[in-house]
Amino acid sequence: MVASVPTPTALAIGADHAGVAVKSALIEALTAAGHGVTDCGTDGPASVDYPDFAQAVSEQVTSGRAGLGVLVCGTGIGMCIAANRHPGIRAAVLHSTTEARLTRAHNDANIACFGARLTGIEVILDSLRVFLETPYEGGRHDRRLRKLSAADAALTQSEPAP
Ligand code: RB5
């Protein structure tokens, strides 16, 4: 079975300039709930590139320093695309508690992405709470996750030497 994540857990969070205010609100809520949070930036309104922060949070998760990650940009989409390029990452854009529950239960998602320009803070907070509370179901989903891991391994092995 693919290892699931205990809660509360160590979390890593990152945002671009479009998501920085939401990131601050999430850090406050997560810290109040007893989670340890590593803030991977950005920290201000200056324009930055979302792949840099997706990479930082993804590395925290794949190294095991964080059990789960959270990424915020304008739509959540750029962060999700960028995070899913990292082997071992299963990132999902969340707009509802139902998506949060199902992506943990079925996909063992390990990064939640949010769109600060599209989704209200109450929906984001509720979705993140459900994401953190929901365990991976295992069972029939293990076979599918093994195929994702195999695809990661094949891509990694086919990369040309530097
Ligand atoms: C930044 O303007 C915006 O493109 C970014 O936050 C994100 O929405 C990309 O997917």
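First, a word on scope: everything that follows refers to the structure included in this document. Everything numeric in this text was worked out from a predicted model, so none of it was measured. (Residues numbered from 1 in each chain as written. Predicted model: local features only at pLDDT ≥ 70, side-chain atom pairs only at ≥ 80, totals over all residues.)

A tally of helices and strands in the chain yields six helices and five strands. Scanning the chain from its N terminus toward the C terminus, one meets helices and strands in the order β-α-β-α-β-α-β-α-β-α-α. In terms of principal-axis extent, the alpha carbons of the chain reach across some 40 × 40 × 25 Å. Expressed as a percentage of the 162 residues in the chain, the buried residues total 38%. For the chain, the proportion of contacts with a sequence separation of at least 24, taken over those separated by at least 6, is 71%. (Helix = DSSP H or I, 4+ residues; strand = E, 2+ residues; numbered from the N terminus. Buried ≥ 20, exposed ≤ 12 C-beta atoms within 10 Å, placed from the backbone. Contact = placed C-beta atoms within 7 Å.)

Attention now goes to the sheet that holds strand S2 (residues 36-39). The strand order across the open sheet built from five strands is S2-S1-S3-S5-S4, with neighbouring strands paired in parallel fashion. Where the open sheet ends on each side, the last strands, each with one partner, are S2 and strand S4 (91-93). Averaged over all pairs of adjacent strands, the angle between their axes in this sheet comes to 20 degrees, without regard to strand direction. Packing of helix H1 (residues 20-32) onto the sheet brings it into contact with strand S1 (10-15), S2, strand S3 (68-73) and strand S5 (111-115), and relative to S1 it is tilted by some 165 degrees. (Pairing = 2+ DSSP bridges. Axes fitted to C-alpha atoms, helices over the stretch in contact; angles between N-to-C directions.)

Between its first and last C-alpha, H1 extends 18 Å over 13 residues, near the 18 Å set by a 1.5 Å rise per residue. The inward-facing, buried residues of H1 abut S1, S2, S3, S5 and helix H5 (121-133). Phi turns positive one or two residues past the end of H1, at Gly 34, with a value near 95 degrees. (Expected span 1.5 Å × (residues − 1).)

With that settled, the discussion passes to the site of the ligand. Surveying the vicinity of the ligand reveals the residues Asp 16, Ala 18, Tyr 50, Cys 73, Gly 74, Thr 75, Ile 77 and Gly 78. Residues that form the shell around the ligand fall into these classes: four nonpolar, three polar and one charged. (Near = placed C-beta within 6 Å. Nonpolar A, V, L, I, M, F, W, Y, C, P; charged D, E, K, R; others polar.)

In this section: unusual backbone geometry. Residue Gly 41 is joined to Thr 42 through a cis peptide bond whose omega torsion reads -5 degrees. Among the secondary structure elements, Thr 42 is positioned in the loop between S2 and helix H2 (50-62).

Two faces make up the sheet, and in a regular strand the side chains alternate between them. In terms of strand pairing, S1 meets S2 through four bridges, oriented parallel. In the strand pairing of S2, Ile 13 is matched with Asp 39. For the crossover from S1 across H1 to S2, the handedness is right-handed. (Right-handed = clockwise from strand over helix to strand, strands pointing away.)

Among the five residues of S5, five are classified as buried, and the element is accordingly described as predominantly covered. Of the two faces of S5, the one carrying Ile 111, Cys 113 and Gly 115 and the one carrying Ala 112 and Phe 114 are both buried. As paired strands, S3 and S5 are joined by five bridges and run parallel to one another. Considered in S5, the bridge of Leu 71 is made with Cys 113. Across three bridges, the pairing between S4 and S5 is parallel. Each bridged residue has a counterpart across the sheet, and for Val 93 the counterpart in S5 is Cys 113. Traced from S4 through helix H4 (residues 97-107) to S5, the parallel crossover comes out right-handed.

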